[in-house]
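What follows is the residue order along each chain.
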Amino acid sequence: MRPAPLHAGPPEPEAGGVLTIDLAAIRANWQRMASRAAPAECAGVVKADAYGCGLEPVAEALAGCGCRTFFVATIAEGRRVRAVVPTAIVYVLNGITAGTAAAFADAGVRPVIGSLVELAEWDVFCGASGWRGGAALQIDTGMNRLGISVAEAAALAARVQTPDHGLTLVMSHFACADTPDDPLNAQQIDLFRELRLMFRGVTASLANSAGVFLGASAHCDLVRPGIALYGGNPTPGQPNPMLPVVTLKGRITLVRNVPAGATVGYGAAWTASRPSRIAIVAVGYADGYRRAAGHAGGRPGADVIVAGQRCRTAGRVSMDLLAIDITDLPDQAANRGDDVTLIGPDNGVDELAAVFDTIGYEVLTSLGRRYHRVWAG
């Protein structure tokens with residue numbers, strides 16, 4: 001019998017909300033990205049618990065449709081991928097913390113080396129241990145985050161002419177791929193093209209989700225989609241080409257009548273303009289449904305779907321609860337125990353991110369552990 005996924009959450013009857021992850025949609029999204037990037041290989045980025053969607057079931061699903069290479073942020077995440085996809089190639093994006101080189105070999109994962117200090121430590125370890133599992137070298141082409149400089153890369157390029165040089169990947173990262181017209185994209189593509197020539201024979205990777213949509217010049221040998229796999233829009237300002245993945249439903253715990261002029265929630269920031277019916281839902285900002293989702297103090301908040309209709313939140317979202325104005329619904333359309341859709345096909349992750357004044361990545365990775373989680377498809 002297949003073991004239950006990690007972090008499945010509390011039993012469904014005890015949970016204030018149910019988070020459903022559509023694995024069939026994740027597979028379809030990966031296949032769309034793979035088709036768009038072909039003949040480049042398409043990897044899968046499953047860091048941050050697969051963007052909150054569950055690393056183990058997502059990694060298994062991606063492997064099942066042909067994904068061979070995975071990217072994570074930490075060694076611990078790499079071990080989790082290795083446990084469910086033993087044949088996977090796994091790269092650890094955050095690189096080598098001092099003194100941890102041996103842990104990469106023990107876990108059978110590859111570091112993404114981002115500095116000369118890391119490279120020196122890795123070389124010492126490989127020389128002493130005989131480890132030949134490979135590593136990636138990250139080169140900074142404009143992000144100014146992790147990665148050796150272009151000048152440092154040029155000085156190291158002769159290394160690839162030596163036997164057992166140990167580099168299985170050279171990579172960089174777009175800073176502005178989600179803004180296609182930004183001139184930095186073309187600068188990074190041109191610069192990385194020169195670097196590929198210096199490191200001829202080593203697999204090269206530049207494109208993230210949005211980078212895949214910049215065209216073939218950005219694809220190189222391997223692309224690394226992340227947010228697009230989970231239904232986030234890799235082409236902001238354009239229709240989302242990806243299938244929605246996540247559905248979040250909260251449970252109504254109480255429906256109450258509120259007279260005109262009464263207030264709801266902390267700070268009395270929402271006032272009923274008419275006799276109103278208010279549904280209280282057992283989800284709050286401790287569950288990642290942020291305080292900014294509340295319609296309060298004249299500030300517009302999030303819409304949710306109740307009985308097939310859009311309804312507004314009423315007042316500030318609190319730690320464990322939120323209120324919804326269901327006055328316009330027919331009587332008995334929403335009752336204690338019914339579900340409301342907080343994230344779904346009609347009110348997706350990117351819509352909620354706009355309300356939160358953030359990005360879909362943060363919405364997904366902030367979803368709390370008190371939901372009951374279901375992996376479908």
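Refer to the structure above for everything that follows.
Residues numbered from 1 in each chain as written. Predicted model: local features only at pLDDT ≥ 70, side-chain atom pairs only at ≥ 80, totals over all residues. Heavy atoms only, no water.

1. Comments concerning the overall build of the protein
Check the secondary structure of the protein and you find 11 helices and 19 strands. Projecting the C-alpha coordinates of the protein onto the three principal axes gives extents of approximately 80 × 50 × 35 Å. With 377 residues in all, the protein has 51% of them scored as buried. Sequence separation of at least 24 residues holds for 64% of the intrachain contacts in the protein that already meet a minimum separation of 6. Summed over all atoms, the accessible surface of the protein reaches about 16500 Å², with 53% contributed by carbon and sulfur. Side-chain charges in the protein split into 32 positive and 34 negative, and the spacing between the mean points of these groups amounts to 2 Å. (Helix = DSSP H or I, 4+ residues; strand = E, 2+ residues; numbered from the N terminus. Buried < 20%, exposed > 50% of the residue type's maximum accessible area, 1.4 Å probe, protein only. Contact = heavy atoms within 4.5 Å. Areas by Shrake-Rupley, 256 points an atom, 1.4 Å probe, with all protein chains shown as cover. Lys, Arg positive; Asp, Glu negative; His and termini not counted. Charge placed at Lys NZ, Arg CZ, Asp CG, Glu CD.)

2. As for empty space enclosed by the protein
If you walk through the whole model with that rule in mind, you get 1 cavity of 30 Å³ or more. Considering only enclosed or pocket space, the largest cavity measures out at about 50 Å³ in volume. Lining the largest cavity we find Ala302, Asp303, Leu342, Asn347, Gly348, Glu351, Leu352 and Val355. Of the residues in the lining of the largest cavity, the class split is 4 nonpolar, 2 polar and 2 charged. (1 Å grid on protein atoms, 1.4 Å probe; cavity = no way out; pocket = protein on both sides within 12 Å on 5 of 7 lines; lining within 4 Å. Points joined across faces, edges and corners; volume = space filled by probe spheres on them. Nonpolar A, V, L, I, M, F, W, Y, C, P; charged D, E, K, R; others polar.)

3. Structural notes on the pattern of salt bridges
Enumeration over the complete set of coordinates arrives at 16 salt bridges. One salt bridge connects Asp331 with Arg277, and the closest N-O pair in it is separated by 3.8 Å. Within this pair, whereas Asp331 is found in the loop between β17 (322-325) and β18 (339-343), its partner Arg277 is found in strand β14 (residues 276-281), the two being separated by 54 residues in sequence. When its relative accessible area of 64% is taken as the criterion, Asp331 is described as exposed. Notably, a salt bridge pairs Glu362 with Arg290, separated by 3.4 Å at the nearest N-O pair. Taken together, the residues span a long stretch of sequence, with Glu362 in helix α11 (residues 360-365) and Arg290 in the loop between β14 and β15 (303-306) at a distance of 72 residues. In the salt-bridge network here, residues are joined through shared partners; they are Asp49, Glu56, Arg80 and Arg369. (Salt bridge = Lys/Arg side-chain N within 4 Å of Asp/Glu carboxyl O.)

4. Notes on helix α3 (residues 55-64)
In terms of burial, α3 is a largely internal element, 7 of the 10 residues being buried. Within α3, burial applies to Leu55, Glu56, Pro57, Val58, Ala59, Ala61 and Leu62. The elements touched by buried residues of α3 are α1 (23-37), β3 (44-45), α2 (47-51), β4 (69-72), α4 (75-84) and β19 (372-376).

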